[in-house]
Amino acid sequence: MTEMNDKKDDSILSIEHLSIRYSDDKLAVKDVSAKVKKKTITAIMGPSGCGKTTLLRAINRMHELYPDIHTEGKIMLGDENIYDMSTINLRRRIGMVFQRPNPFPTMSIYDNVIAGYKLNGIHLKRSERDEIVERSLKNVALWDEVKDSLHSRGNFLSGGQQQRLCVARTLAFKPKIILLDEPTSALDPISTAKIEDLLVELKQEYTIILVTHNMSQAARISDNAMFMYLGELVEYDSTKDMFTNPRDPRTEAYLTGKFG
Amino acid sequence: MDQTTTLNKKYISTLSDKDDIGNLLIRSRKLKDRLFKIAAMFFSFITIAMVFLIIGSLLAKGLKQINWAFFTQVAPDTFSAMMAKSSGQVIPGGIVNGILGSIYLVALASAMAVPFGILIGVYIYENSKKRYAAIIRDIADILQGVPSIVIGIIAYIWIVVPLTKGYSVFAGSVALAIMMLPLIVRSTEESLKMVPETLKEAAIALGTPYYKVILRVLIPSSFSGLMGGILLAISRVLGETAPLMLTTLGNPQVNWHIEKPVSAVPLLIWQFYNDPNMVDLIWSSAVFLMGFVLILNLASRWICAKKKI
Ligand SMILES: Nc1ncnc2c1ncn2[C@@H]1O[C@H](COP(=O)(O)OP(=O)(O)O)[C@@H](O)[C@H]1O
Ligand SMILES: [Mg+2]
């Protein structure tokens, strides 16, 4: 499991002995340590209920929304512990995209893209806003489709377009890391393929951590992969090695479809 | 009843030669379906007819009194009403003191009840699992069931006697605000509950401070529900008479002083009812009150449709 962690190199995020429990009895994440490499796609796989979402949400502290949650260990972003940072700063640097597309229904497409700035009271000049909106929408290959209706609400967008709008909203902050929790599980295959292409494209500039319970998706686009089981990080390796030569019998069982 | 059985027999006699029980069952079910539909239609027709009857008789009796003066002049005194009546003319004057008084009272009551109600509603929504919130929710429900005359008495004891030392706009609007409050609290909570959790998470994931999540995401997303609740509360108190009798009493003139008595449309209706010379004005005032509530309802629908949420 420590295979990836031994390669001391260009890691951007370092999870150290992270344990999380929702209530007193049961650990949802058990003593997970992992280093995430810069400008790669890291997939988190595992059967449902194994703690993928909990681990992912711990990375930008979204898990703290649950009032009784208890967290031990630390997560270092560069040389800062994220649990010592303000959540506003943290979430500007580590953005998140959710399972179901969730653009703000009361805002126009344009306002959705810069929602992060608006909601944080960060004032931008008109030209800066225009530039950010155009860049972010171009980044997610949505610009051509919506450039004529920027100021209308996005209800007419398809699910896949809405999800790309949500990625654009995250990109507007130019984060270092983008967290995605099964971002294509609510989408059709064509929209899924578009999102996957997009993630591969974004990897040039951003570090991407992707929860998926779709093994072929992990195989298609990820560089490294974590396999979790019952809250434990069982195996963490390059995707190629994990798929061709799993070290742990539980990983092998999962990859060969024995459970999940 | 008789018809049902004969109908049933008819079906059975036509079916029995086919000897098909399944078919028979389906037929009888279809019959029950139809009977049920007819009953439902009949009763809904009665309801609709009643509404039209009410509106119709109000208009028939009240329309002749609705003229320019009705909206611009204060209520007449009983003598001039009597004179007009005896000479077969339209009663002079109008209800402008009541119209402006009602608007004044409701506006002031809303200014008190809306911010409080929304804040309390947000609090209950946010802390729905805590005991304290549950207690507040129960209190709101109880308050909603308190008879309006009791609320009038409370406002009388709390405001009229010690504070304004007499009947006043302020006392009346406090009474109405107390009545509006639970409605707004509950409708705020209910409409916030309709906002998907994912929207809240989207905002939080952007680093949004919590009060802004509420102000910029939750409240706008549930705007139509909030608006609907407020307008419903307003139309509920617009017709209240009992609490106003104990708090603002009425005023033959238009009044803008907050510590002085003021009139209201339902108060005027009560006065007209007690004065045989002015009975004709009851109908026109009732038409006005109904029209006002109707316009509020249409306005709220229009707002919601425009927002499309
Ligand atoms: N809000 C919650 N309260 C209590 N337990 C939870 C909550 N969310 C998840 N869990 C538990 O934590 C474990 C991990 O859940 P999760 O991280 O959602 O798994 P995954 O995303 O891999 O399906 C599960 O056993 C689940 O039952
Ligand atoms: Mg999950």
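Residues numbered from 1 in each chain as written. Chains lettered and ligands numbered in written order. Predicted model: local features only at pLDDT ≥ 70, side-chain atom pairs only at ≥ 80, totals over all residues. Heavy atoms only, no water.

Caption draft 1: Seen up close, the pairing of strand 6 (residues 94-97) of chain A. Residues and elements named next belong to chain A. Residues Ile 94 and Met 96 point to one face of strand 6 and Gly 95 and Val 97 to the other, with burial holding for every one of them. Of the strand pairs in this sheet, strand 6 and strand 7 (residues 177-181) are connected by four bridges, and their pairing is parallel. Along strand 7, the bridge assignment pairs Gly 95 with Ile 178. (Buried < 20%, exposed > 50% of the residue type's maximum accessible area, 1.4 Å probe, protein only. Helix = DSSP H or I, 4+ residues; strand = E, 2+ residues; numbered from the N terminus. Pairing = 2+ DSSP bridges.)

Caption draft 2: Seen up close, the packing of helix 6 (residues 131-145) of chain B against helix 8 (residues 169-193) of chain B. Residues and elements named next belong to chain B. Relative orientation of the contacting elements helix 6 and helix 8 amounts to 135°, with a least axis distance of 9 Å. Between helix 6 and helix 8, the angle is such that the two are oblique. By crossing handedness, the relation of helix 6 to helix 8 is classed as left-handed. Packed against helix 6, whose contacting residues are Arg 137, Ala 140, Asp 141, Leu 143 and Gln 144, the element helix 8 presents Ile 178, Pro 182, Leu 183, Val 185, Arg 186 and Glu 189 at the interface. The residue inventory of the contact of helix 6 with helix 8, partitioned by class, reads six nonpolar, one polar and four charged. (Axes fitted to C-alpha atoms, helices over the stretch in contact; angles between N-to-C directions. Parallel < 35°, antiparallel > 145°, perpendicular 65-115°, else oblique. Left-handed = near helix turned anticlockwise from the far one by under 90°. Contact = heavy atoms within 4.5 Å. Nonpolar A, V, L, I, M, F, W, Y, C, P; charged D, E, K, R; others polar.)

Caption draft 3: Quick peek at the interface of chain B and chain A. In this complex, chain B contributes 19 residues to the contact, which on the side of chain A involves 24 residues. Both faces considered, chain B and chain A share a buried interface measuring about 1800 Å² in area, 64% of it formed by carbon and sulfur atoms. At the boundary of chain B and chain A, one finds one salt bridge. One salt bridge in this structure joins B:Glu201 and A:Arg57, with 2.7 Å as the shortest N-O distance. Of all the elements in the fold, those that place two or more residues in the side of chain B that touches chain A are helix 9 (197-205) and helix 10 (210-221) of chain B. The element contributing the most residues to the side of chain B that touches chain A is helix 9 of chain B, with seven residues. Class assignment for the residues of the side of chain B that touches chain A results in ten nonpolar, four polar and five charged. (Buried area = accessible area lost by both parts, 1.4 Å probe. Salt bridge = Lys/Arg side-chain N within 4 Å of Asp/Glu carboxyl O.)

Caption draft 4: Broad picture of a nonpolar patch on the surface. A surface patch of nonpolar side chains, amounting to about 700 Å² of accessible area, comprises B:Ile149, B:Val150, B:Ile153, B:Ile154, B:Tyr156, B:Ile157, B:Trp158 and B:Val161. Mapping B:Ile157 onto the fold places it in helix 7 (residues 148-160). (Patch = residues over 30% accessible without salt bridge, like charges linked within 9 Å, V, L, I, M, F, W, Y side chains within 5 Å. Areas by Shrake-Rupley, 256 points an atom, 1.4 Å probe, with all protein chains shown as cover.)

Caption draft 5: Broad picture of the site of ligand 1. All names here are of chain A. In the vicinity of ligand 1, the contacting residues are Tyr 22, Lys 26, Ala 28, Pro 47, Ser 48, Gly 49, Cys 50, Gly 51, Lys 52, Thr 53, Thr 54 and Tyr 66. Here an oxygen atom of ligand 1 and a side-chain polar atom of Lys 52 are 2.9 Å apart. Relative to its unbound accessible area of 560 Å², ligand 1 is 64% covered by the protein chains. Looking at the shell around ligand 1, the element that brings in the most residues is helix 2 (residues 52-59), giving three residues. (Near = heavy atom within 4 Å. Polar contact = N/O pair within 3.5 Å; in protein donor to acceptor, adjacent residues only side chain to side chain.)

Caption draft 6: View of the environment of B:Glu240. Residue and element names in this part refer to chain B. Among the secondary structure elements, Glu 240 is positioned in the loop between helix 11 (223-238) and helix 12 (242-245). Sequence separation of Glu 240 and Ala 264 is 24 residues, and the distance between their C-alpha atoms is 9.4 Å. Look past the residues within four positions of Glu 240 in its chain and what remains in contact with it is Ser 148, Leu 176, Met 179 and Pro 266. Within the local environment of Glu 240, its side chain forms a polar contact with the side chain of Ser 148, the two groups lying 3.0 Å apart.

Caption draft 7: Up close: the domain arrangement of chain B. Residue and element names in this part refer to chain B. When the domains of chain B are assigned, the result is domain 1 (2-65) and domain 2 (96-307). Computed from C-alpha coordinates alone, the two centres of domain 1 and domain 2 are separated by 40 Å. With eight residues of domain 1 at the interface, the matching set in domain 2 holds seven residues. Contact with domain 2 buries surface across domain 1, with Leu 58, Lys 61 and Gln 65 losing the most and accounting together for 65% of the total. Between Lys 64 and Asp 280 there is a salt bridge; the shortest N-O distance is 3.9 Å. (Domains from an automatic or database assignment.)

Caption draft 8: Summary view of the pattern of salt bridges. Residues and elements named next belong to chain A. Overall, the coordinates contain 23 salt bridges over all chains when judged by the stated rule. One salt bridge in this structure joins Arg 247 and Asp 237, with 2.1 Å as the shortest N-O distance. Taken together, the residues Arg 247 in the loop between helix 11 (239-244) and helix 12 (249-255) and Asp 237 in strand 10 (residues 232-238) connect sequence positions ten residues apart. The exposure class of Arg 247 is partly exposed, given its relative accessible area of 45%.

Caption draft 9: The nonpolar core, seen in detail. Formed by 139 residues in total, the largest nonpolar core has its most connected members in A:Leu13, A:Phe104 and A:Leu137. Those residues in contact with A:Phe104 that sit more than four places away from it in its chain are A:Asn112, A:Ala115, A:Leu119, A:Arg169, B:Leu199, B:Ala202, B:Ala203, B:Leu206 and B:Val217. (Core = buried A, V, L, I, M, F, W, Y, C linked by side-chain atoms within 4.5 Å.)

Caption draft 10: The packing of aromatic side chains, seen in detail. According to the stated counting rule, one finds twelve aromatic pairs over all chains in the structure shown. With centroids separated by 5.5 Å and ring planes inclined at 70°, the aromatic side chains of A:Tyr22 and A:Tyr66 adopt a geometry described as edge-to-face. Of this pair, A:Tyr22 sits in the loop between strand 1 (11-21) and strand 2 (27-37) while A:Tyr66 sits in the loop between helix 2 and strand 4 (70-77), placing them 44 residues apart in sequence. By relative accessible area, which is 35% here, A:Tyr66 ends up partly exposed. With a centroid separation of 4.8 Å and an interplanar angle of 55°, the aromatic rings of A:Tyr117 and A:Phe173 are classed as tilted. Highlighted residues: A:Tyr117 in helix 5 (residues 115-119) and A:Phe173 in the loop between helix 8 (159-171) and strand 7, separated in sequence by 56 residues. Like A:Tyr117, the residue A:Phe173 is buried in the burial classification. These aromatic residues form a ring-pair network of at least three members: B:Phe70, B:Phe71, B:Phe288 and B:Phe292. Over the ring of A:Phe104 we find A:Arg169; its NZ or CZ atom is 4.7 Å from the centre of that ring. (Phe/Tyr/Trp six-rings, centres within 6.5 Å; stacked < 30°, edge-to-face > 60°. Lys NZ or Arg CZ within 6 Å of the ring centre and 35° of its normal.)

Caption draft 11: Region of interest: the confidence of the model for chain B. Per-chain confidence: chain B averages 88 in pLDDT, with 93% of residues scoring 70 or above. Overall fold confidence for the complex sits at a pTM of 0.80, while the interface term, ipTM, reaches 0.90. (pLDDT = per-residue confidence, 0-100.)

Caption draft 12: Up close: helix 6 (residues 126-139) of chain A. Residue and element names in this part refer to chain A. Taking 1.5 Å of rise per residue, the 14 residues of helix 6 would be expected to cover 20 Å, and the 20 Å separating its terminal C-alpha atoms lies within 8% of that figure. Residues of helix 6 that are buried: Ile 132, Val 133, Arg 135, Ser 136 and Leu 137. For helix 6, the secondary structure elements touched by its buried residues are helix 4 (109-113), helix 5, helix 7 (143-146) and helix 8. One or two steps after helix 6, the chain reaches Ala 141, where phi turns positive at roughly 55°. (Expected span 1.5 Å × (residues − 1).)

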